[in-house]
Protein chains: 2
Amino acid sequence: MVTIKEVAEEAGVSVATVSRVINQNGYVSEETLEKVKSVIDKLNYKPNSIARSLYHKTSNMIGLIIPDITNPFFPELARAVEDVAMMYGFKVVLCNSDQNPEKEMKYLDLFKEKYVDGIIFTTQSQESTVYSDLNVPIVALDRIGDTTIPSVVSNNYKGAKKATELLLQKGVKNIAHIRGPKNIAPSEARYHGFIDAVEGKGVNYTISEAEFQLKDAERKAEQFFETHTGIDGIFCSNDTIAAGFLKVALKKGIKVPEDLQIVGFDGSFFGEFIYPELTTVSQPIYDMGAVATRLLIKIIQGNQPEKLLYEMPTTIIERGTTR
Amino acid sequence: MVTIKEVAEEAGVSVATVSRVINQNGYVSEETLEKVKSVIDKLNYKPNSIARSLYHKTSNMIGLIIPDITNPFFPELARAVEDVAMMYGFKVVLCNSDQNPEKEMKYLDLFKEKYVDGIIFTTQSQESTVYSDLNVPIVALDRIGDTTIPSVVSNNYKGAKKATELLLQKGVKNIAHIRGPKNIAPSEARYHGFIDAVEGKGVNYTISEAEFQLKDAERKAEQFFETHTGIDGIFCSNDTIAAGFLKVALKKGIKVPEDLQIVGFDGSFFGEFIYPELTTVSQPIYDMGAVATRLLIKIIQGNQPEKLLYEMPTTIIERGTTR
DNA sequence: TTGTAGGCGTTATCAC
DNA sequence: GTGATAACGCCTACAA
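For chain A, the name recorded in an unreviewed UniProt entry is Catabolite control protein A, with Oceanobacillus indicireducens as its organism.

Structural data, given as structure tokens:
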């Protein structure tokens with residue numbers, strides 16, 4: 001690694017002058033400017049960002065905490081964060097928390113040590129690690145509750161309500177909702193959306209529960225179809241659950257969408273991989289990541305956010321599992 | 001952020017002593033040890049890793065370059081790298097190169113600036129950015145060609161051969177291979193595996209090509225089924241292509257696996273999401289990431305790798321798309 | 001317009 | 001056993 005000192009020597013000037021050239025501040029004569037620039041090129045000098053960080057207490061890095069990159073929801077989100085951060089000259093450090101508060105704390109410490117300029121975190125669980133006193137700009141993604149932190153979420157309640165209404169409007173008479181885990185905020189919101197769509201409408205409905213995992217969904221589906229008959233519409237709390245129920249239904253010879261209609265939630269890419277293709281409530285995942293990142297950068301740059309809650313709209317994508 | 005100096009003052013000792021306590025080297029009397037430790041706890045002092053990096057020219061960070069985290073192959077890989085790195089006290093910076101050499105170079109510069117201790121890169125294209133002269137321990141994942149760099153790959157050739165032989169053994173008479181792009185090494189290796197399995201065996205075979213993307217695969221599948229009749233077995237270069245072909249086949253009312261058998265490659269998670277479940281050649285993705293990371297850390301710690309090429313075995317997972 | 005020097009937080013060498 | 005102190009690479013008052 002070539003240092004600023006070497007550049008200075010080679011150019012026959014002081015390090016201060018080189019520094020001025022790099023940072024384009026202070027006075028530098030045209031002549032020395034050219035000279036220094038050419039030496040920088042010649043030596044392929046790149047300022048050491050560690051040293052810079054030490055001085056500025058800033059790193060041009062954004063820390064991103066997600067539960068698990070292996071969960072299909074997050075790669076796109078992470079990608080959006082990276083892309084936008086990149087555009088503004090920030091780098092991203094990505095960490096998987098596994099919803100484990102200890103791991104989360106560990107990463108937060110890491111971030112502080114590394115002088116990250118800001119943090120975006122996505123954690124669907126409701127137990128709150130302490131984010132308030134860490135004195136770094138922060139934005140929450142897909143999380144509600146902590147009303148003091150600027151948040152970007154999609155409208156889970158409304159999306160779920162619309163999805164349920166779609167099923168009813170398509171003629172479903174006996175509807176089921178397979179809800180997600182109780183301690184996960186979006187799952188809760190979707191449940192309420194469903195309830196508010198069916199309550200008082202004179203339709204039969206039933207509620208089951210499954211984890212956001214294929215294996216568990218399949219297991220629950222097996223049980224479900226044995227104990228429930230006559231169900232002709234299911235709204236699942238996410239696409240993974242929907243995929244599990246669809247699979248089991250097909251295996252049992254149930255005709256989809258003729259005899260059973262299914263709607264998922266998320267707009268995961270794999271919804272198009274399966275056949276019939278999954279009708280789903282699509283979240284603007286990439287946009288959510290992009291909005292959150294822009295918001296964070298704004299705060300980093302010293303501007304106050306205009307509002308604390310950014311609710312992003314969901315859209316229904318009608319595909320093969322509804323008529 | 002509380003600094004070593006503040007701890008020293010509070011404890012009534014010099015920074016040198018505090019440093020000794022933190023790093024557990026040099027002599028410190030039992031008494032001062034206790035004193036300093038308690039102050040560290042009380043002030044919740046964490047050594048600043050930027051300052052450490054500056055001194056040590058080391059960062060406890062590993063740089064990971066992948067083409068695109070949005071491609072289902074990579075999240076698991078990234079996860080493995082992170083998990084193993086974590087176990088050894090390293091952090092991971094993840095970057096998406098989009099197979100773009102410029103972006104790659106940019107990240108490599110970033111890594112050098114940040115004193116990363118080592119780099120793992122995965123790039124399926126064969127054009128080689130210059131990795132040799134960057135003077136940082138490096139390991140290649142899923143890439144062949146540059147024989148000077150320690151590499152971890154799965155046995156694409158052998159897996160493809162086995163997959164093809166499986167189809168033949170299941171009674172397939174008219175077999176097709178949908179190969180991946182020509183400039184991607186694994187796709188090339190799988191092609192050769194297929195060829196070597198069918199050549200001279202007296203079976204009819206045909207070759208088509210598709211991108212590793214669902215939309216393109218579907219388009220190619222539409223064309224394929226129109227121009228080819230009597231095909232009763234297809235080996236696809238990856239699971240995404242297989243998913244596309246399966247979808248179109250089902251749409252056309254072709255019975256799978258009765259009239260058409262399909263085998264994919266990768267062992268992507270979504271193979272279980274579709275119905276019938278995809279028979280596939282599974283790569284030990286997580287293990288590949290883990291092995292590469294351990295290898296890298298070994299090199300970082302100054303040990304020479306025993307060999308330059310680590311070939312990981314593939315396994316066939318027979319599921320619903322074969323009889 | 002340019003250079004000197006102190007400081008960012010930590011570690012390691014060398015005195016004491 | 002412990003404490004100054006120089007050094008890591010860079011930036012910026014302040015001096016010249």
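Moving on, there is more to tell.
### Examining the packing of aromatic side chains
What the rule picks out here adds up to 21 aromatic pairs over all chains. Ring plane angle 85° and centroid distance 5.2 Å describe the contact between Phe73(A) and Phe74(A), whose orientation is recorded as edge-to-face. For the pair Phe73(A) and Phe74(A), one class covers both residues: buried. Connected via pairs of aromatic rings, a cluster forms that spans Phe269(A), Phe270(A), Phe273(A), Phe269(B), Phe270(B) and Phe273(B). Directly above the ring of Tyr191(A) sits Arg179(A), whose terminal nitrogen or CZ lies 4.8 Å from the centroid. For the cation-ring pair, Lys307(B) lies above Tyr310(B), with the distance from its terminal atom to the ring centre recorded as 4.9 Å.

### With respect to unusual backbone geometry
All names here are of chain B. Looking along the chain, the bond that leaves Val256 and enters Pro257 is cis, with omega of 10°. Topologically, Pro257 is positioned in the loop between helix H10 (239–251) and strand E9 (261–266). Looking along the chain, the bond that leaves Tyr275 and enters Pro276 is cis, with omega of 0°. You can see Pro276 is positioned in the loop between E9 and strand E10 (279–282).

### Quick notes on the pattern of salt bridges
Applying the stated criterion to the full structure yields 38 salt bridges over all chains. Between Arg79(B) and Asp83(B) there is a salt bridge; the shortest N-O distance is 3.2 Å. Pair noted here: Arg79(B) and Asp83(B) are both in helix H5 (residues 74–87), with a separation of 4 residues, about one helical turn. Overall, Arg79(B) belongs to the buried group, its relative accessible area being 8%. One salt bridge in this structure joins Asp216(B) and Arg219(B), with 3.2 Å as the shortest N-O distance. Of this pair, Asp216(B) and Arg219(B) are both found in helix H9 (residues 214–227), 3 residues apart, which corresponds to roughly one turn of the helix. Owing to a relative accessible area of 8%, Asp216(B) belongs among the buried residues under this scheme. What emerges from the salt-bridge pattern is a single network uniting Asp68(A), Asp98(A), Lys103(A), Arg79(B) and Asp83(B).

### Section: the protein's contact with DNA strand C
Taken together, 28 residues lie around DNA strand C, and Thr17(A), Arg20(A), Lys57(A), Ile4(B) and Arg52(B) are the ones closest in. Among atoms of DNA strand C positioned within 4 Å of the protein, sugar and phosphate together represent 67%. Here a phosphate oxygen of DNA strand C and a backbone polar atom of Ser14(A) are 2.9 Å apart. Contact between DNA strand C and Tyr55(B): a sugar or linking oxygen at 2.9 Å from a side-chain N or O atom of the residue. Sorting the residues of the surface near DNA strand C by element identifies helix H2 (15–23) and helix H4 (49–56) of chain A together with helix H2 (15–23) and helix H4 (49–56) of chain B as the ones contributing at least two each.

### Things to note about helix H8 (residues 185–198) of chain B
Residue and element names in this part refer to chain B. With 14 residues, H8 should cover 20 Å at 1.5 Å per step; its first-to-last C-alpha distance of 20 Å lies within 8% of that length. With 10 of 14 residues buried, H8 is to be regarded as a mostly interior element. Elements that come into contact with the buried residues of H8 comprise helix H7 (156–169), strand E6 (174–179), strand E7 (204–209), strand E8 (233–236) and E9. Positioned one or two residues after H8, Gly200 has a phi angle of 75°, which is positive.

### What to know about the packing of H9(B) against H10(B)
Residues and elements named next belong to chain B. Where H9 contacts H10, the two axes come as close as 8 Å, and the packing angle between them is 45°. Classified by the angle their axes make, H9 and H10 are oblique. Crossing geometry of H9 relative to H10 is assigned as right-handed. Counting all contacts with H9, which are made through Leu214, Ala217, Glu218, Lys220, Ala221, Glu222, Phe224 and Phe225, the residues of H10 involved are Thr240, Ile241, Ala243, Gly244, Phe245, Lys247, Val248, Ala249 and Lys251. Classifying every residue of the contact of H9 with H10 by side-chain character gives 10 nonpolar, 2 polar and 5 charged.

### Some thoughts on the domain arrangement of chain A
Think of interface size as the accessible area that goes away when the parts come together; that is how it is often given. Residues and elements named next belong to chain A. The domain architecture assigned to chain A consists of domain 1 (4–47), domain 2 (61–154 + 285–312) and domain 3 (156–283). Averaged C-alpha coordinates put domain 2 and domain 3 at centres separated by 29 Å. Facing the 10 residues of domain 2 at the interface are 10 residues of domain 3. Both faces combined, the contact of domain 2 with domain 3 buries some 990 Å², and carbon together with sulfur accounts for 51% of it. Applying the counting criterion to the domain 2 and domain 3 interface returns 0 salt bridges. Counting the contacts that link domain 2 with domain 3 gives 3 residue pairs in polar contact (both at pLDDT 80 or more). Each residue belonging to the side of domain 2 that touches domain 3 can be placed in one class, and the counts come to 5 nonpolar, 4 polar and 1 charged.

### Quick look at the sheet that holds strand E2 (residues 91–96) of chain A
All names here are of chain A. Strands sit in the order E2-E1-E3-E4-E5-E11 across an open sheet of 6 strands; the sheet is parallel. Since the sheet does not close on itself, it has two edges, and those belong to E2 and strand E11 (309–312), each with one partner. The average angle at which neighbouring strand axes cross in this sheet is 20°, direction not considered. Examined bridge by bridge, strand E4 (residues 138–141) and strand E5 (residues 151–154) share 2 bridges and lie parallel to one another. When the bridges of E5 are listed, Leu141 appears paired with Val152.

Definitions and cut-offs
Residues numbered from 1 in each chain as written. Chains lettered and ligands numbered in written order. Predicted model: local features only at pLDDT ≥ 70, side-chain atom pairs only at ≥ 80, totals over all residues. Heavy atoms only, no water. Phe/Tyr/Trp six-rings, centres within 6.5 Å; stacked < 30°, edge-to-face > 60°. Buried < 20%, exposed > 50% of the residue type's maximum accessible area, 1.4 Å probe, protein only. Lys NZ or Arg CZ within 6 Å of the ring centre and 35° of its normal. Helix = DSSP H or I, 4+ residues; strand = E, 2+ residues; numbered from the N terminus. Salt bridge = Lys/Arg side-chain N within 4 Å of Asp/Glu carboxyl O. Near = heavy atom within 4 Å. Polar contact = N/O pair within 3.5 Å; in protein donor to acceptor, adjacent residues only side chain to side chain. Expected span 1.5 Å × (residues − 1). Contact = heavy atoms within 4.5 Å. Axes fitted to C-alpha atoms, helices over the stretch in contact; angles between N-to-C directions. Parallel < 35°, antiparallel > 145°, perpendicular 65-115°, else oblique. Left-handed = near helix turned anticlockwise from the far one by under 90°. Nonpolar A, V, L, I, M, F, W, Y, C, P; charged D, E, K, R; others polar. Domains from an automatic or database assignment. Buried area = accessible area lost by both parts, 1.4 Å probe. Pairing = 2+ DSSP bridges.

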